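# Observations on the model geometry
Given next are the chains, with one letter for each unit.
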Amino acid sequence: AVQAYEAALLERTRERVPLGWATTQSNLGNALQTLGQRESGTERLLQAVQAYEAALLERTRERVPHHFESVLRNLAEAQRLLLDRQQGNLE
């Protein structure tokens, strides 16, 4: 899934389809977060945080409030998981 979303981002650029790009970034974040929960280390969780942050550049509260809140929740969860992992609370 990660590879598919990364490939999609080559076509769904922020310049061409900003909200589509943001959706793909959010979906990439979901896939990376799932992998990050299953793997040890922090790399995938860091990537998930970056993808969610990118999505929020276009999925703003003003433009798409429901989607903004959803991405914000996912970002907060990824950050929590990352912090737990960095503190050694997750294996």
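Look a little higher up for the structure.
Okay, so let's go over this structure.

### Section: the pattern of salt bridges
Per the counting criterion, the structure on display carries seven salt bridges. Of the charged contacts, one joins glutamate 77 and arginine 80 as a salt bridge, the two residues approaching to 2.7 Å between their closest N and O atoms. Of this pair, glutamate 77 and arginine 80 both sit in helix H4 (residues 65-86), three residues apart, which is roughly one turn of the helix. Exposure remark for glutamate 77: the relative accessible area of 28% places this residue in the partly exposed category. Overall, the relative accessible area of 40% leaves arginine 80 in the partly exposed class. For arginine 80, the salt bridge identified is with aspartate 84, shortest N-O distance 2.8 Å. Of the two residues, arginine 80 and aspartate 84 are both situated in helix H4; the distance of four residues between them amounts to about one turn of the helix. In the salt-bridge network here, residues are joined through shared partners; they are Arg14, Glu58 and Arg63.

Procedures and definitions
- Residues numbered from 1 in each chain as written.
- Predicted model: local features only at pLDDT ≥ 70, side-chain atom pairs only at ≥ 80, totals over all residues.
- Heavy atoms only, no water.
- Salt bridge = Lys/Arg side-chain N within 4 Å of Asp/Glu carboxyl O.
- Helix = DSSP H or I, 4+ residues; strand = E, 2+ residues; numbered from the N terminus.
- Buried < 20%, exposed > 50% of the residue type's maximum accessible area, 1.4 Å probe, protein only.

By themselves these figures say nothing about function.
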